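Chain by chain, the residues run as shown.
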Amino acid sequence: MPTMLNRRDLIVSAAGLIASAPLAPALAAAMPDAAGTEAAALKDVAARRRLRFGTALSFGALTRDPAYAALVARQCGLLVAENEMKWQWLRPTPTTFAFDRFDAILGWGEAHGIAVRGHNLLWHQPKWLPAWLNAYDFGSAPHREAERLLTTHIDTVTRRYGTRIKSYDVVNEAVNPKDGTLYETSLSKALGGTEPTLDLAFHTARAAAPHAQLVYNDYMSWEPGNDAHRAGVLRLLEGFRRRGTPVDALGVQSHLITQGLPTASHVAALEGPWRAFLDAVTHMGYVLVVTELDVRDNMLPADIAVRDRGVAEFTRAYLDVTLAYPQLTDVLCWGLADRHSWIEGFEPRRDRAPRRPTLYDTALQPKPMRAAVAAALATAPIRTG
Ligand code: 9MR
C-alpha cells in the first residue's frame, strides 16, 4: 500500500531535502562557482535586490592593512566602526570625548562613497562601560546627574555627526541571555530603572538626530538555548511600543554557531522558532537589520574544505529564512576576512585549528561562505519599500 504524502512532504522531496540529508546539493545548485562569482561585488549583488551589504571595520585594520581596506571598499556599501564609537573608546573621562579614531573611519567611508552606521550610543552592561562610569559618584541628585551624563553623551555624538550618520544602534545588548531580564548599570540605578534609562536614550537620539533610524541591537539567535534571550528581547520591544519609545528597528546581530554539518531536519528545527520570533518583531512594526554576521565553526571537523562547507551551508540557510522578511534591508558582517575577526581571540576552537568565521580567508581569498552570502543576496526577494 503506497504511503500518502502531504503537500509539505512533496515540496520537501521535490527540493531533494530529505530529512537528515546534507544541504550540499541544494546549495551547490544555487551557486555557480565556489567563490560566488567574485566578479560581482557583494554591494552590487545586494543593490540589485535593493539591499545593502557591508561590514564592521576597526581603526587598526583600516590604518594598518591597506589590502584589507581595499577589499572592504570594493565589496561594501555600508560600514560600521567595530569599536570606535563605544563609550570605552570615545569617553576617556567624564568630561572628555576622543573622536579622532571614529572620525577617521567615517571620513574614509565617505571618501569611498560608503554609508556609515553608528554603533553604539549605550551598551547597557557594566562590563562594557568605562571603569570611571561604573564607579561614578552621582552626588546628591543622582537621577538628574545620570540623566545629564547620558543625554550629554548622546547629544554630543549625534549632533557632531548630523546627517552624516543615518542609522544608530542606540542601545546595545540590554537583555541578559540567561533569563531575559534587563541588565542594571550605574546609570540605570541612578535613574531608577533600566526601562526609563533605555527610553531616555532613544528619546534623546530622536530629538538630536530626527533623520536617523534608531535601532535596538542584540545577539539573540536561532540556535537552541536562545529561548530566554528571544523572549526577553520581545518583552523589551513590546514595552517600547507600549510606552511610545521611538525605536525603529531591531538589530539582529547574527553571530551564528554551527552544531556540526547542517542537515535539512536540523535547519527545519531552527527555522520554526526563528520565524516565530521575526514574525512577532515585524508584526510590532519594527524594521530588521542584520548587523554583525559571522559564524563560529563549532562541532565541525578541522578539515578546511568540510568546515568551510558547513559554515557556508549554515549561513545560506539562515540568510534564506531571514532575508525572506521584506522588512530587512541591510546585511552587515562583523569583519570581512578571518584575519580581522574577534572570534579567534574570544573563543578559539578546542582543537586549536584557526577559526574560519568570515567570507574571506587570511590571504583575503574568497571562501564558500562568500558564495553563500552572494547567493542568498542574489535570490532574496526584491525590496519594494
Ligand atoms: O569585535 C569587538 C571586539 O573587538 C571588542 O573587543 C568587543 C568589546 O568592545 O566588542 C566586539 O564587538 C561586539 C559588538 O560591539 C557588539 N556585539 C558583539 C560583538 C562581538 O563581541
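Structure: see above.
Heads up: these notes are all about the structure in this document. (Residues numbered from 1 in each chain as written. Predicted model: local features only at pLDDT ≥ 70, side-chain atom pairs only at ≥ 80, totals over all residues. Heavy atoms only, no water.)

Thoughts on the site of the ligand
How we decide: A molecule or strand has a residue near it when one of that residue's heavy atoms lies within 4 Å. Here a polar contact is recorded for every N or O atom pair within 3.5 Å, except that within protein the pair must consist of a potential hydrogen donor and a potential acceptor, and residues adjacent in sequence are included only if both atoms are side-chain atoms. Note on areas: Shrake-Rupley with a 1.4 Å probe; residue coverage comes only from the protein chains shown. Under the scheme applied, nonpolar residues are Ala, Val, Leu, Ile, Met, Phe, Trp, Tyr, Cys and Pro; charged residues are Asp, Glu, Lys and Arg; polar residues are all the others, including Gly.
Near the ligand there are 14 residues, and of these Glu82, Lys86, His119, Glu173 and Glu292 occur at the shortest range. Between the ligand and Glu173, the relevant distance is 2.8 Å, taken from a nitrogen atom to a side-chain nitrogen or oxygen of the residue. Here an oxygen atom of the ligand and a side-chain polar atom of Trp334 are 3.0 Å apart. Alone, the ligand offers 460 Å² of accessible surface; in the complex the protein occludes 82% of this. In the shell around the ligand, the residues fall into five nonpolar, five polar and four charged.

With respect to the packing of helix α9 (residues 142-161) against helix α11 (residues 194-208)
Keep this limit in mind: Angles shown run from 0 to 180 degrees and are taken between the N-to-C directions of axes, each axis being a line fitted to C-alpha atoms and, for helices, limited to the stretch in contact. Strands here are runs of E lasting at least two residues and helices are runs of H or I lasting at least four, both read from the DSSP assignment and numbered beginning at the N terminus. Handedness of a crossing is defined here by the sense of rotation of the near helix relative to the far one, left-handed for an anticlockwise turn of less than a right angle and right-handed for a clockwise turn. The contact rule is simple, with two residues in contact once any of their heavy atoms fall within 4.5 Å.
Remark: α9 packs on α11, axes separated minimally by 9 Å, with the N-to-C direction vectors making an angle of 35 degrees. In this structure, α9 meets α11 at a crossing whose hand is right-handed. Residues Glu147, Leu150, Thr151, Ile154, Asp155, Thr158 and Arg159 of α9 touch α11, and the partners they reach there are Thr197, Leu200, Ala201, Thr204, Ala205, Ala207 and Ala208. Of the residues in the contact of α9 with α11, the class split is seven nonpolar, four polar and three charged.

Here's the deal with the pairing of strand β2 (residues 78-81)
Definition in use: For each residue, the accessible area found with a 1.4 Å probe, counting protein chains only, is set against the maximum for its type, and the residue is called buried under 20%, exposed over 50%, and partly exposed in between. Pairing between two strands requires that DSSP report at least two bridges joining them.
On β2, burial covers both faces: Leu78 and Val80 on one face and Leu79 and Ala81 on the other are all buried. Pairing analysis gives four bridges linking strand β1 (residues 52-57) to β2, with the strands arranged parallel. Across the sheet, Thr55 pairs through a bridge with Leu79, a residue of β2. Sheet topology places β2 next to strand β3 (residues 115-123); three bridges connect them, and they run parallel. Following the sheet pairing, Val80 is matched in β3 by Arg117.

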